[in-house]
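Per-entry structural report
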Amino acid sequence: MFRRIEPADCTIVWDGREVPARAGESLAAALLAAGIITFRETPVSGAPRGPLCMMGACFDCLVTVEDEENMQACLVPVRPGLRASPQHGARGLPDVEDAA
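Residues numbered from 1 in each chain as written. Predicted model: local features only at pLDDT ≥ 70, side-chain atom pairs only at ≥ 80, totals over all residues. Heavy atoms only, no water.

1. Some details on the environment of Arg22
Our working rule: Only DSSP runs of H or I with at least four residues qualify as helices, and only runs of E with at least two residues qualify as strands; both kinds are numbered from the N terminus onward. Each residue is assigned to one of three classes by its accessible area relative to the maximum for its type, calculated with a 1.4 Å probe on protein chains only: buried under 20%, partly exposed between the two thresholds, exposed over 50%. Any pair of residues with heavy atoms lying within 4.5 Å of one another is described as a contacting pair. Polar contact is defined as a pair of N or O atoms within 3.5 Å, subject to the rule that within protein one atom must be able to donate a hydrogen and the other to accept it, and that residues adjacent in sequence are counted only when both atoms are side-chain atoms.
Inspection of the secondary structure assignment puts Arg22 in the loop between strand S2 (17–21) and helix H1 (27–33). Its relative accessible area of 24% is what places Arg22 among the partly exposed residues. Sequence-wise, Arg22 and Arg4 are 18 residues apart; in three dimensions their C-alpha atoms are separated by 9.4 Å. Among all residues touching Arg22, those that are not within four sequence positions of it are Arg4, Glu6, Pro7, Ala8, Asp9, Cys10 and Val78. Within the structure, the side chain of Arg22 is placed 3.1 Å from the side chain of Glu6, a separation counted as a polar contact. A polar side-chain atom of Arg22 sits 2.6 Å from the main-chain carbonyl oxygen of Pro7.

2. Points about the environment of Ala23
Within the secondary structure, Ala23 is located in the loop between S2 and H1. Given the relative accessible area of 43%, Ala23 is considered partly exposed. Along the primary structure Ala23 and Pro77 are separated by 54 residues, whereas in three dimensions their C-alpha atoms are 7.4 Å apart. Residues within four places of Ala23 in sequence aside, it is in contact with Asp9, Cys10, Val78 and Pro80.

3. Quick notes on the state of the cysteines
In plain terms, the rule: Pairs of cysteine sulfur atoms within 2.5 Å are what we label disulfides.
All chains considered together, the criterion is met by zero disulfides. Cysteine Cys58 remains unbridged, with the sulfur of Cys53 as its closest cysteine sulfur at 3.7 Å. In this structure Cys61 is a free cysteine whose sulfur lies 3.7 Å from that of Cys74, the closest cysteine sulfur available.

4. Observations concerning the packing of aromatic side chains
Rules: Two rings from Phe, Tyr or Trp (for Trp, the six-membered ring) form a pair when their centres are within 6.5 Å of each other. A pair whose planes differ by under 30 degrees is stacked, one over 60 is edge-to-face, and the rest are tilted.
Considering all chains together, one arrives at one aromatic pair under this definition. Between the aromatic rings of Trp14 and Phe39, the centroid separation amounts to 6.0 Å while the plane-to-plane angle is 50 degrees, which identifies the pairing as tilted. Taken together, the positions of Trp14 in strand S1 (residues 10–14) and Phe39 in the loop between H1 and strand S3 (40–41) put the pair 25 residues apart, joining distant regions of the chain. Using a relative accessible area of 0% as the deciding quantity, one classes Phe39 as buried.

Structural data, given as C-alpha cells:
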C-alpha cells in the first residue's frame, strides 16, 4: 500500500518489535511504510483505527509514545530508538488538584 522512497536510516520500536524508519519523518508515516495500519482501538466497540488526515485534525492515530498516552502519531517526529505502542480503549484524564 505505502512504500518508502528513500531507505530507512534508523529503527523504532512498535509494540515490542523493531521497525525501520527515517529520522524526522512522522511516526504515522514510518508505521504505514512498514505495513502497520492499525494504531488504536475505539473505546466503545474496539474497532481498529489508523491515520486518516495525517495532519493532526482527526485523532484517529492516537498511540502511546514513550509511556505518554494520547499522542497523535502523525505529529510525532521519529528519532532513533523511539518506543511506541497501540492504544487500546479509552484513556483517563490526569488527576487535577483543586485550585482552592
